[in-house]
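# A look at the structure
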Amino acid sequence: MLKTIEFVIKFLFSFVLVLLIGIVWKYLVFAKSDLEKKDETYQKEFNENYSIYAVPLPSTLEFAGEKVPLEYYDVFESLDREFLVNTYWQSQTMLFIKRAGKYFPIIEKILRKNGVPEDFKYVALVESGLTNAVSPAGAKGYWQFLESSGKKYGLRINKYVDERYHLEKSTEAACRYFKDAYKIFDNWTLAAASFNVGMGRLQKAIEKQGENSYYDLHLNKETARYVYRILAIKYILEHAQKFGFHFRKKDLYRMPRYKVVKVDSTINDLNAFAHSYGINLKILKDMNPWLISDKLVVTDSLGYEIKIPQERSLYAKLTEGKNTNYSKDSSIAVSSTPDTAVSDRGIMIQQEQQ
């Protein structure tokens, strides 16, 4: 009797164990199958909805009126790379578009005044992204001048000021450089390339290789990409919507209205100076990034011009300063900077929806 009971218990135990194993196995098999089905569905949806397109290049392209030989395979491939990078690095290119709205009108005006083609505004964009960048080699500002070249082209650089960070003055210096380069190369494309590699090195490459076109020269990797980057950025910004960049006029950055205060004596405390005009040190240095110290020492008769913003909607209301020795009324010139700094030549603007 006991043996019979034991047998029944063992049988039931074995049966239950086998049943549980079967259930677990079935669950695992079906679970795996469901996961595979979900993966297949996901892959199908991915394939149906996600697309990357080759970027269509223009049939003709120029820089400063000089034709780009797009019929050459190496030129086409080099240009295609830069179009792809700048089309699909959307956040960076959108920032370029926004900053261009603020800075291009100022740069364009100076280029025109100096007889330099307006396409050179894209050199500043490629050099710095229209920011006061600092390179590992020590190049600084919108145009990325080294200290030696900055001083050579008339920029004041000392412990109190660094005019490489001054948009207007550094652009004037860049114009002087480009005109010098054009006298040597008699070609604007080569003048632009020399801004990256230097006039001397570019001359040596031309003489050694017996070529007088940028597109035929074997150059270091950075300079070999340089003009193509400029060309790609130029075309994309001029045809932004064509490349998928949509924005309204109000989305662009703009230069606020400002007045210019002429300073011909030392300012020992720039923070107090800023507060005397109803702004703070942060805004003062944002408008005048060439002020690199907490004071401004004037050592020559030229003096300096400091921008004071007048936008009430963006900055604190301007008030008359107190407890200050600065004369704010005797030498103030009102800037003609437009309140909406948008170029109709530099970028295409999508019409603002009402």
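For the rest of this paragraph, the subject is the overall build of the chain. Broken down by element type, the chain carries eleven helices and five strands. Scored against the burial criterion, the 354 residues of the chain give a buried share of 43%. By sequence separation, contacts in the chain at least 24 residues apart represent 65% of the contacts at least 6 residues apart. When the accessible surface of the chain is split by element, carbon and sulfur atoms take 53% of a total near 20,800 Å².

Among the surface-exposed residues, Tyr42, Phe46, Tyr50, Ile52, Tyr53 and Tyr88 lie close enough to one another that they form a single nonpolar patch of about 720 Å² accessible area. Mapped onto the elements, Tyr42 comes out in helix H1 (residues 2-49). You can call Tyr42 exposed: its relative accessible area is 58%.

Bringing the pattern of salt bridges into the picture now. One pass over the structure, following the stated rule, counts 13 salt bridges. Glu168 serves as the salt-bridge partner of Lys307, at 2.7 Å between the closest nitrogen and oxygen. Of the two residues, Lys307 is situated in strand E4 (residues 304-309) and Glu168 in helix H6 (residues 167-185); the sequence distance between them amounts to 139 residues. Glu168 matches Lys307 in its accessibility class, with the two residues each being buried. Its salt-bridge partner being Arg248, residue Asp251 comes within 2.9 Å of it at the nearest N-O pair. Residue class for Arg248 comes out partly exposed when judged on its relative accessible area of 34%.

You can see Val123 is positioned in helix H4 (residues 121-128). Along the chain, Val123 and Arg229 lie 106 residues apart, while their C-alpha atoms are 9.1 Å from each other.

Let us now look at H4. Most of H4 is tucked away: eight of the eight residues are buried. Considered for burial, the residues of H4 that qualify are Lys121, Tyr122, Val123, Ala124, Leu125, Val126, Glu127 and Ser128. Where H4 is buried, its residues meet helix H3 (90-113), H6, helix H7 (188-197) and helix H9 (221-238).

This part covers the pairing of E4. Among the six residues of E4, five are classified as buried, and the element is accordingly described as predominantly covered. Pairing of strand E3 (residues 258-263) with E4, which is carried by six bridges, proceeds in the antiparallel orientation. Its bridge partner being in E4, Val260 is matched across the sheet by Lys307.

What follows deals with the environment of Arg81. Position of Arg81 among the secondary structure elements: in helix H2 (residues 73-88). Arg81 sits in the partly exposed class, given a relative accessible area of 44%.

Reading guide: rules and limits
Residues numbered from 1 in each chain as written. Predicted model: local features only at pLDDT ≥ 70, side-chain atom pairs only at ≥ 80, totals over all residues. Heavy atoms only, no water. Helix = DSSP H or I, 4+ residues; strand = E, 2+ residues; numbered from the N terminus. Buried < 20%, exposed > 50% of the residue type's maximum accessible area, 1.4 Å probe, protein only. Contact = heavy atoms within 4.5 Å. Areas by Shrake-Rupley, 256 points an atom, 1.4 Å probe, with all protein chains shown as cover. Patch = residues over 30% accessible without salt bridge, like charges linked within 9 Å, V, L, I, M, F, W, Y side chains within 5 Å. Salt bridge = Lys/Arg side-chain N within 4 Å of Asp/Glu carboxyl O. Pairing = 2+ DSSP bridges.

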